[in-house]
Amino acid sequence: MKYLLLFFFLISSSARSQDIPIDYFANPLEIPLILAGSYGELRGNHFHSGLDIKTQQKEGLSIFAPADGYVSRINLSEYGYGKALYIKHPNGYTTVYAHLQSYAGIIQDYVKAAQYKKESYEVELFPEASVLPVKKGEIIGYTGDSGSSGGPHLHYEIRDGSQRPMNPMLFGVQIPDSKKPNVYSVFAYPIGGESHINQSQNRTKLRLILQKDGSYKAEDIKAFGKLGFGIVTNDQMDGASNKNGVYKITSTYNGKTKYDIAFEKFSFDETRYINRYIDYEYLEKNKSSVQKLFRETNNPLSIIKQDDMDGYIDVKDGFTSNYTITVEDFAGNQTIVNVPVEGKQLEITDSKKIKETEDFIIADQATSITKGKFSIYIPANSLYEDTYLDIQAMGDTLKFDQDLTPIHTNITITYDASNYKNEDLDKLYIGRLNYRKVPYYNSTSRSGDKLTMKTRTFGTYTLAADTNGPVIKPLNFADGKWISDNKDLKIKITDDVSGISNYRATVNGKFILMEYNYKTNVLIYDFGDGGITDTDNKLKIIVVDNAGNSSTFEATFYRKQQ
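Per chain, residues are indexed from 1 in the order of the written sequence. Totals for whole chains, interfaces and linings use all residues, but because this is a predicted model, local features are given only for residues with pLDDT of at least 70 and pairs of side-chain atoms are given and counted only at 80 or more. Hydrogens and water molecules were not included; the side-chain quantities draw on all heavy atoms of the structure.

Okay, the layout of surface pockets next. Computed from the structure, the largest pocket encloses a volume of approximately 1500 Å³. Lining residues are defined by having an atom within 4 Å of a point belonging to a cavity or pocket. Those points lie on a 1 Å grid over the protein atoms alone, cavities being sets where a 1.4 Å probe fits but cannot get out and pockets being open sets with protein on both sides within 12 Å along at least five of seven lines. Lining of the largest pocket is provided by 42 residues; of these, Glu281, Lys352, Ile354, Glu385 and Thr405 occupy positions nearest its centre. Segments assigned H or I by DSSP are reported as helices when at least four residues long, segments assigned E as strands when at least two residues long, and all are numbered from the N terminus. Sorting the residues of the lining of the largest pocket by element identifies strand E15 (182-197), helix H3 (274-277), helix H4 (280-286) and strand E30 (387-389) as the ones contributing at least two each. The element best represented in the lining of the largest pocket is E15, accounting for 5 residues. Of the residues belonging to the lining of the largest pocket, the class tally is 14 nonpolar, 10 polar and 18 charged. Grid points are joined across faces, edges and corners, and a volume is the space filled by probe spheres set on the points. Taken as a whole, the second largest pocket encloses approximately 690 Å³ of empty space. Residues are grouped as follows: Ala, Val, Leu, Ile, Met, Phe, Trp, Tyr, Cys and Pro are nonpolar; Asp, Glu, Lys and Arg are charged; every other residue, Gly included, is polar.

A separate point is empty space enclosed by the protein. The gaps of empty space that remain are located by a probe, the size of a water molecule, rolled over the atoms. This model, assessed by the stated rule, comprises 1 cavity of 30 Å³ or more. Quantified by volume, the largest cavity comes out at close to 80 Å³.

Quick look at the environment of glutamate 356 now. Position of glutamate 356 among the secondary structure elements: in the loop between strand E26 (334-343) and strand E27 (359-361). Spatially, the C-alpha atom of glutamate 356 lies 56 Å from that of alanine 114, the residues being 242 residues apart in sequence.

Moving on to the sheet that holds strand E37 (residues 450-455). Strands pair, by our definition, only if DSSP identifies at least two bridges between them. Strand order across the open sheet formed by 5 strands is E28-E29-E33-E37-E36, with antiparallel pairing between neighbours. Looking at which strands have only one partner, the edges of the open sheet turn out to be strand E28 (367-371) and strand E36 (444-447). Averaged over all pairs of adjacent strands, the angle between their axes in this sheet comes to 20°, without regard to strand direction. With 4 bridges connecting them, strand E29 (residues 374-378) and strand E33 (residues 411-416) associate as antiparallel partners. Paired with isoleucine 376 across the bridge in E33 is isoleucine 413. In this analysis, axes come from line fits to C-alpha atoms, helices being fitted only over the stretch in contact, and the angle between any two N-to-C directions falls in the range 0 to 180 degrees.

Salt bridges are defined as contacts in which a side-chain nitrogen from Lys or Arg sits within 4 Å of a carboxyl oxygen from Asp or Glu. Overall, the coordinates contain 32 salt bridges when judged by the stated rule. Aspartate 52 is the partner of arginine 43 in a salt bridge, and the nearest nitrogen-oxygen pair spans 3.3 Å. When a residue's accessible area, from a 1.4 Å probe over protein chains only, is under 20% of the maximum for its type it is buried; when over 50% it is exposed; and in between it is partly exposed. Given the relative accessible area of 27%, arginine 43 is considered partly exposed. Aspartate 52 gets classed as buried once you look at its relative accessible area, which sits at 8%. Its salt-bridge partner being aspartate 449, residue lysine 450 comes within 3.5 Å of it at the nearest N-O pair. Residue class for lysine 450 comes out partly exposed when judged on its relative accessible area of 34%. Overall, aspartate 449 belongs to the partly exposed group, its relative accessible area being 29%. Salt bridges sharing common partners tie together Arg203, Asp279, Glu281 and Lys285.

If you want it as structure tokens, here you go:
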């Protein structure tokens, strides 16, 4: 117990030193807090900006305002955060709640009125401070699975006055965690022409040996020159098997701190630099994220708290040294890795191979390239470093290197479609081939006979067409039938080529609000909405795909009004 009290005293002292209130916010749920995802966790193209709190595999749990404040923003989207709510608090912080099933009370009424006024499910609202005030402990919404959620949970954030997400655990959110972080792999990276690890100039995986005290010792390596290291690690908390992100990673060399990373705060502007922080090529090939413990050029991440010599070490011939990695979770549990290094300059037998092509991109310069019917514009700093690209055009297909190199800002690809008939152009798009060699729709614009799209992913792109409209199918009713016992209308809408762009539903010519779940391809109208009051109802739904094809569904249903 004394160690637990000491830990919370240290956290409290740290929080006070940063002026972070640790007892201001209550928990947003009245259940034990067990995490599906932690703050700073490594996700696709971004760091996770909050806590994913498990909701016992169900929806509809009450969410409580953790402190007084007012609803400052409401955003409803079919993707991303889904139904999201933002509360501004008097102390300057904002709490965020995402993937909700619904809002509560007057908040729900306010949202519904805005949706009907706009005649759209998707709305973004910024109420004035006096419109939707909330009190600590008041129910503000209900947990759900809306948006790009992989299952029922509450995504919970705390943001500072500049809307930078901070680690909620800094504010006193306590998650039981008695387990040490997991370490799976450690890699060494030789940097420069003479550097090597065991006579190799390439990324080298080190063999780890578990010690009796729970630490790891790497098998001795013979190395020379400038080296960097990387680690594959995660954390598991009590009560869940989820592999969460760690809180802190520190590396030392002969006792001197070389690199210190802490997941406490970052801005959304910098989060895509995760692709510079991790070993992107290794991730794409092995589906495992190596966190590099060295700062390469064009890596401004603020999670890096200290970086002596950018985290690199310089190994001298004839000297023996020790490199240590300490991985820590927020509860203070640690896993330590020791890497003994014998400085020895040896003949390089495994040299680093660079595939040279005719297209060498200088990262800080804009580049325009033409290949067949394709024109490519690469803005300055789209790439993190100077890079050879393998670009080849074959008719209507463009091989635009491989997805082994990260792209930071959009690259523009334009196709000259002057050989196509004008009436066909609006149905064409530039799609990226997936693993099944099927083109995945990319948003494509047209100017005359030029088709243009933007991408942040290398791969093979091809010209594709979508000439068929979406398919619309009722699920829980039929044309001409009575459905007085129905609680809702359910309609499945699908488009297997370019995907669904938008939809609109009316009953007796009057707009009705339908919610689209892209994960199930189902449109739902809730009769509790009160928008349908007649017995004889003529339903009309128009669905448009991303290529502009539209389909119309019409049916009549009868409903006894209460």
